[in-house]
Structure formats: C-alpha cells, structure tokens
Amino acid sequence: LWMMYRCGWASKENQERVLAVRITREGFDEILANAYTPKAQEAAGLPKAQLKVRLQWDPDHEPAGTTRLPRRAIQLGLKGEILHRYASDWIVSITDITGVVQEQYRVLQTSGTNQLQVAAERVYPVSDPQTKALIGADNWVRS
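Residues numbered from 1 in each chain as written. Predicted model: local features only at pLDDT ≥ 70, side-chain atom pairs only at ≥ 80, totals over all residues. Heavy atoms only, no water.

Visitor: Sorry, what's going on with the environment of Gly 65 here?
Guide: Secondary-structure assignment places Gly 65 in the loop between strand S3 (53–61) and strand S4 (68–78). The exposure class assigned to Gly 65 is buried, which follows from its relative accessible area of 14%. Between the C-alpha atom of Gly 65 and that of Trp 2, which follows or precedes it by 63 residues, the distance is 8.7 Å. (Helix = DSSP H or I, 4+ residues; strand = E, 2+ residues; numbered from the N terminus. Buried < 20%, exposed > 50% of the residue type's maximum accessible area, 1.4 Å probe, protein only.)

So this is what it looks like as structure tokens:
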C-alpha cells in the first residue's frame, strides 16, 4: 500500500507501472540479514561502498497519505551479489498490478479508505535474533 501511495497511485512520471514482485522467504531473510541501517553501518565502521543492502525505515501513512501510522515502512536498496541473487534466484513471480492500483485510487477518491481492496498487511516475523538487532527490529511489538 505504501508503494501505491509513493508512486502517486501509478501517476508520477516514470512511475506509471506498478509491479508486484513475489520472492522466496529464504531470499527475503537473506536480504534482511545483509541489511544495514545508517546507524548499524556507522557502528560497524562500514563504508557505504561495502554495503550489500541499505535499509531505511520510512514513516508509514494511511492510504490517502495525510495521516502517519504508528508503524514504519521498510525501504531496501540492493546492489552487487545480493541484487544478482534477487533477480536470478529469489523471484517467484512478477505481476503488473497497475490497473488494480489505479482502480483503488478511484475508490479512495470516491468512497474513502473503507472501500479499498488491498492485501492484508502484517509485521514480517524476523526469526533470527542477530538480524533483528542489525535492522533495528529487536524491539517490535506485534499488534
């Protein structure tokens, strides 16, 4: 949902297509295990050039984008070998959902958030304690 909002519901220049990319859990866990927030990067003394995955926690918003939610949205930047493995090993499917995104924007404009039909969002269960600490998820509370 956050990405739908960020791309202007498929209306921003060079962001007119929205793709849903499904990857394996193994792949996503590997990405997280290699992810560094700026704070973790500084603590580890790693130069940016050595990072495989850059992690940023963004404020999350309700669908209209006007109200911040009490949770964060994850943004991951991949490069090098991790990016190659993502593209060649971990992708399960890619679906163009542009039409769905545009339709849901029309629903949002005419009927509000209660009528939106979007995937259920939930906290991703990071099971490895070292990864939790690295990405700053060791103090998450499930709702």
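Visitor: What should I look at first to understand unusual backbone geometry in this one?
Guide: Negative phi values dominate among residues other than glycine, just as trans dominates among peptide bonds. Positioned with a positive phi, Trp 9 is a non-glycine residue whose angle comes to about 55 degrees. Its place among the elements puts Trp 9 in the loop between helix H1 (2–6) and strand S1 (19–23). Overall, the relative accessible area of 5% leaves Trp 9 in the buried class.

Visitor: Help me understand the environment of Leu 1 in this model?
Guide: Mapped onto the elements, Leu 1 comes out in the segment before H1. Considered as a pair, Leu 1 and Asp 128 are 127 residues apart in the sequence and their alpha carbons are 26 Å apart. Those residues within four positions of Leu 1 in sequence are excluded, and the remaining contacts are Trp 9, Pro 63, Val 118 and Glu 121. (Contact = heavy atoms within 4.5 Å.)

Visitor: Can you walk me through the layout of surface pockets in this structure?
Guide: Over the atoms a probe the size of a water molecule is rolled, and this reveals where empty space is left. Estimates place the volume of the second largest pocket at around 190 Å³. When the residues that make up the lining of the second largest pocket are grouped by side-chain class, the tally is 6 nonpolar, 2 polar and 1 charged. (1 Å grid on protein atoms, 1.4 Å probe; cavity = no way out; pocket = protein on both sides within 12 Å on 5 of 7 lines; lining within 4 Å. Points joined across faces, edges and corners; volume = space filled by probe spheres on them. Nonpolar A, V, L, I, M, F, W, Y, C, P; charged D, E, K, R; others polar.)

Visitor: So what exactly am I meant to see when it comes to the side chain of Gln 104 here?
Guide: Note on placement: Gln 104 falls in helix H5 (residues 98–111). Residue class for Gln 104 comes out buried when judged on its relative accessible area of 6%. Not counting chain neighbours up to four residues away, the residues in contact with Gln 104 comprise Trp 9, Gln 115, Leu 116 and Gln 117.

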